[in-house]
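So the chains spell out like this:
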Amino acid sequence: MKRALCLVLPALVLPAAPEVREEILVVVNNHIITRKAFQQAVEQETAALYRKHSGKELDAKLKEAREKTLQGLIDAFVLSDKAAELNLSITDEQIRSYVEDIKKQNQFATDADLERALKTSLGVGLPDYLKQLKQQEVQRMVLGREVYSKVAIEEQELRAYYEDHKDEYKQPSRFRVRELVISKGATPEEQAQARATLEKVQAELKAGKAFEELAKAYSASPSKATGGDLGWMGKGLMRASVEQAALALKPGAVSAPLETDKDLLLLQLIASEDEGAKPFEEVKPQLLQKLQEPKAQNALENYLNDLRIRSNIRFLVPRETILKG
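Just so we're clear, the structure is a prediction, and the values are computed from it rather than from any experiment.

### Some remarks on the overall build of the protein
Thought 1: Of the regular secondary structure elements, the protein holds 11 helices and nine strands.
Thought 2: Split into buried and exposed, the 325 residues of the protein put 41% on the buried side.
Thought 3: Here the contacts in the protein between residues at least 6 apart in sequence split such that 73% fall between residues at least 24 apart.
Thought 4: Accessible area for the protein stands at about 18,600 Å²; split by element, carbon and sulfur atoms hold 50% of it.
Thought 5: Measuring between centres, the 49 positive side-chain charges of the protein sit 1 Å from its 50 negative side-chain charges.

See the structure below:
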């Protein structure tokens, strides 16, 4: 499942870890919602609304923000407990995989780059984002199993919708490359060593060694962690000479050595795609969700209402008081 940062974040706003001395607003089973956690969630939701809406639409959304956020916090705990009851969980390794996917799609080389974007766009650090993402994925598993899986969408219906809405799934020309970067260093000795390393890499490539394995072993770029894979990117994002060399390759081919002020590098083209509609199979999960949601809306609300009734939800501060602020 692809995740674009965009930032594509959890639909449900989740609370920060509570502190014992904070004022408790709501108790949900064995969990608590504090005033601080609620206020942080409201601020995050409000910031998201300002990015997405304006004018009268924004005003209307802002009026609903506190109630929507409060219900989201309650439902997050209710669904989390249901996940435990169903023995549904997600591993840290799976979350790490999602994060690497986000980094690739948004061309973030390191976790620090991702965290800077998160703080700028959402006001959250990477640890809090990982907690939110993990909780969000578990909730999706519950709803997928308990609600959406029971809403049937025929393959024919998906394909018909795809054909009628191809314009919504356009993608610009893009390409995907691997890089292997060797730092030239500052001294003549370091530069000689860099060229010797480059020759060694080329020899190993000629002998049949995989480019990505060599990138992991020799590259000085943070992309070595992914075998040099820079992910999909649009034209114009790389240095012109480097991009031109990459696009001149056939998929799987490796470039001649390229040189910048600081580095020697090799490129391998993984794939390139011209502008056009994304393939059906690539967007099928999105299509399925889009067609399921309207049909599942009543079922979803009924399911959540049932969970709420079965849960022990106690307001230590009246709901109306919380919503007034």
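### Quick look at unusual backbone geometry
Thought 1: Non-glycine residue Asn-29 carries a positive phi angle of around 55°.
Thought 2: Positive phi values are uncommon outside glycine, yet Asn-87 reaches one of about 60°.
Thought 3: On the secondary structure map, Asn-87 appears in the loop between helix H2 (55–85) and helix H3 (92–105).

### So, the environment of Arg-96
Thought 1: Note that Arg-96 resides in helix H3.
Thought 2: Placed 190 residues apart in sequence, Arg-96 and Gln-286 show a C-alpha to C-alpha distance of 22 Å.
Thought 3: Within polar-contact distance, the side chain of Arg-96 engages the side chain of Glu-100 at 2.9 Å.

### Remarks on the sheet that holds strand E1 (residues 24–28)
Thought 1: With antiparallel pairing, the three strands of this open sheet are ordered in space as E2-E1-E9. Every other strand in the sheet has two partners, leaving strand E2 (31–34) and strand E9 (313–315) as the edge strands with one partner each. Direction aside, the axes of adjacent strands within the sheet are offset by 20° on average.
Thought 2: Bridge analysis of E1 against E2 gives four bridges, and the strand direction is antiparallel. Among the inter-strand pairings, Val-26 is bridged to a residue of E2, identified as Ile-33.
Thought 3: Set on the sheet, helix H1 (residues 35–52) makes contact with E1 and E2; between it and E2 the angle comes to about 65°.
Thought 4: H2 rests against E1, E2 and E9 of the sheet, and its axis sits at about 165° to E2.

### Describing the nonpolar core
Thought 1: Residues Val-26, Ile-33 and Phe-38 are the most contacted members of the largest nonpolar core, which totals 43 residues.
Thought 2: Contributing elements (two or more residues each) for this core: E1, H1, H2, H3, helix H4 (111–121), helix H5 (126–146) and helix H10 (280–310).
Thought 3: In terms of residue count, the dominant contributor to this core is H2 (seven residues).
Thought 4: In contact with Val-26, not counting residues within four places along its chain, are His-31, Ile-32, Ile-33, Leu-70, Ile-74, Ile-313, Arg-314, Phe-315 and Ile-322.

### Description of the pairing of strand E7 (residues 263–273)
Thought 1: As paired elements, strand E4 (residues 174–183) and E7 share 10 bridges and run antiparallel to each other. Residue pairing across strands places Val-177 opposite Leu-269, the latter belonging to E7.
Thought 2: Bridge count between strand E6 (residues 258–259) and E7: two bridges; the pairing is antiparallel. Bridged to Glu-259 within E7 is Leu-264.
Thought 3: Between the end of E6 and the start of E7, which pair antiparallel, lie three residues.

Parameters at a glance
Residues numbered from 1 in each chain as written. Predicted model: local features only at pLDDT ≥ 70, side-chain atom pairs only at ≥ 80, totals over all residues. Heavy atoms only, no water. Helix = DSSP H or I, 4+ residues; strand = E, 2+ residues; numbered from the N terminus. Buried < 20%, exposed > 50% of the residue type's maximum accessible area, 1.4 Å probe, protein only. Contact = heavy atoms within 4.5 Å. Areas by Shrake-Rupley, 256 points an atom, 1.4 Å probe, with all protein chains shown as cover. Lys, Arg positive; Asp, Glu negative; His and termini not counted. Charge placed at Lys NZ, Arg CZ, Asp CG, Glu CD. Polar contact = N/O pair within 3.5 Å; in protein donor to acceptor, adjacent residues only side chain to side chain. Pairing = 2+ DSSP bridges. Axes fitted to C-alpha atoms, helices over the stretch in contact; angles between N-to-C directions. Core = buried A, V, L, I, M, F, W, Y, C linked by side-chain atoms within 4.5 Å.

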